[in-house]
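Chain and residue survey
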Amino acid sequence: MPPTESPGSAGSRAGTVLFLKRWLRRPFAIGSVVPSGRLLGEAIARATLAAIDGHAGTVVELGAGTGPVTRALLAAGIPTNRLAVVEREPELVAFLRRHFVGPRIVEGDAIHLPRLLREEGLSAPAAIVSSLPLLSLPAEVVNGIVHGIFEALPRGAALVQFTYGPNPPVPRALRDRLQLVATPGRRIWRNVPPAVVWTFRRPEGA
Ligand SMILES: C[S@@+](CC[C@H](N)C(=O)[O-])C[C@H]1O[C@@H](n2cnc3c(N)ncnc32)[C@H](O)[C@@H]1O
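Numbers given for residues are sequential positions, taken from 1 along each chain in its written order. Local features in a predicted model are, by the rule used here, given only for residues with pLDDT of at least 70; side-chain atom pairs are given and counted only at 80 or more, and totals for whole chains, interfaces and linings are based on all residues.

Thoughts on the overall build of the protein
Rules: Here a helix means four or more residues in a row that DSSP labels H or I, a strand means two or more in a row labelled E, and each is numbered from the N terminus. Radius of gyration means the value over C-alpha atoms here, while the globule rule gives 2.2 Å times the residue count to the 0.38 power. Whether a residue is buried, exposed or partly exposed is read from the other C-beta atoms within 10 Å of its own C-beta, which are placed from the backbone; 20 or more gives buried, 12 or fewer gives exposed, and intermediate counts give partly exposed. We call two residues in contact when the distance between their C-beta atoms, placed using the backbone, is within 7 Å.
Looking only at helices and strands, the protein features eight helices and seven strands. Computed over C-alpha atoms, the radius of gyration of the protein comes to 16 Å, within 12% of the 17 Å expected from 2.2 N^0.38 for 206 residues, which places it in the range of a compact globule. Along the first, second and third principal axes, the C-alpha atoms of the protein reach 50 × 35 × 30 Å. Counting across all 206 residues of the protein, residues that qualify as buried make up 40%. For the protein, long-range pairs separated by at least 24 residues make up 69% of all intrachain contacts whose partners lie at least 6 apart in sequence.

Structure, rendered in structure tokens:
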């Protein structure tokens, strides 16, 4: 079933206000003042469709916020029963549950991802899509989250993660340790702020 709100609707405005309120309370954990724009959502969805080609299983979205990426993934044709989202903030989880019927919405911390996925019966996802603000989180938290992501993903399956910065959003040392191959998309200049969607994959033989 499609989401009940579309960009520009009252639900979307309510989402922007709620997002801003959460950012005022926890700026580093939210990471951005405004939700992702439509073009960024579409670029993430395209990268995700390319990443899941040939991979069975669920698409897991981390840090859904008010759901602009969730909406783009559904609009790109990912079936609702193949999408699960993980969000830590209870107020945002309640918003997502009101506005999206179909995808599984899990309240939880991405640092515990392998356990959360086991509890939900969602082991071996087809891809993980993250909007987590990796650049503004402490190094040990990023380390724990990224290790958990690649513990959960089968070999060859991808993490799709956007960033506003000039460098890959997964730090070099972590990429080397996990033997990740990083592939950038084009910078989306019309997003505020401009963003790049990266795909990280641990090759089958690595
Ligand atoms: C930059 S916002 C992105 C929101 C939305 N996906 C978008 O693109 O507009 C980051 C989101 O990640 C959530 N988040 C931050 N740390 C988290 C964690 N450890 N586990 C789960 N969600 C987290 C925040 O609550 C926030 O909703």
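A word on the pairing of strand β1 (residues 59-62)
Using the following cut-off: Each pair of strands is called paired provided DSSP finds at least two bridges between the two strands. Here is how to tell: hold the view so the strands point away, follow the path from the first strand over the helix to the second, and if it runs clockwise the crossover is right-handed.
Alternating positions in β1 separate into two faces, Val59 and Glu61 on one and Val60 and Leu62 on the other, with burial throughout. Sheet analysis places β1 next to strand β2 (residues 83-87), joined by four bridges and oriented parallel. Counterpart to Leu62 in the pairing with β2 is Val86. With helix α4 (residues 68-75) bridging β1 and the parallel β2, this β-α-β connection has right-handed handedness. Sheet topology note: the β1/strand β4 (residues 127-130) ladder contains four bridges and is parallel. Considered in β4, the bridge of Glu61 is made with Val129.

A look at the site of the ligand
What counts, and what does not: To decide nearness, the C-beta atom of each residue is placed from the backbone, and the residue is near a molecule or strand if that atom lies within 6 Å of it. Charged means Asp, Glu, Lys or Arg here, nonpolar means Ala, Val, Leu, Ile, Met, Phe, Trp, Tyr, Cys or Pro, and polar covers whatever is left, Gly included.
Near the ligand you find 23 residues, and of these Pro35, Ser36, Gly63, Gly65 and Ser131 are the closest. Broken down by secondary-structure element, the contributors of at least two residues to the shell around the ligand are α2 (27-30), α4 and β2. Taken together, the residues that form the shell around the ligand break down as 13 nonpolar, six polar and four charged.

Observations concerning the pairing of strand β7 (residues 196-201)
Most of β7 is tucked away, with five of its six residues classed as buried. Pairing geometry for strand β5 (residues 158-163) and β7, over six bridges, is antiparallel. Note on β7: the bridge partner recorded for Thr163 is Val196. Taken together, the four bridges between strand β6 (residues 181-184) and β7 define a ladder with antiparallel strand orientation. Directly across from Val181, in β7, lies its bridge partner Arg201.

Focus: the sheet that holds β1
Which entries qualify depends on this criterion: Each axis is a line fitted through C-alpha atoms, taken for helices only over the stretch in contact, and angles between the N-to-C directions span 0 to 180 degrees.
Sheet architecture is open: seven strands sit in the order β3-β2-β1-β4-β5-β7-β6, paired in mixed fashion. In the strand order of this sheet, the two ends are held by β3 (104-107) and β6, each with one partner. Sheet twist, expressed as the average angle between the axes of neighbouring strands with direction ignored, equals 20°. Here helix α3 (residues 38-52) sits on the sheet and contacts β1, β4, β5 and β7; the angle it forms with β5, its principal contact strand, is near 165°. Here α4 sits on the sheet and contacts β1, β2 and β4; the angle it forms with β1, its principal contact strand, is near 160°.

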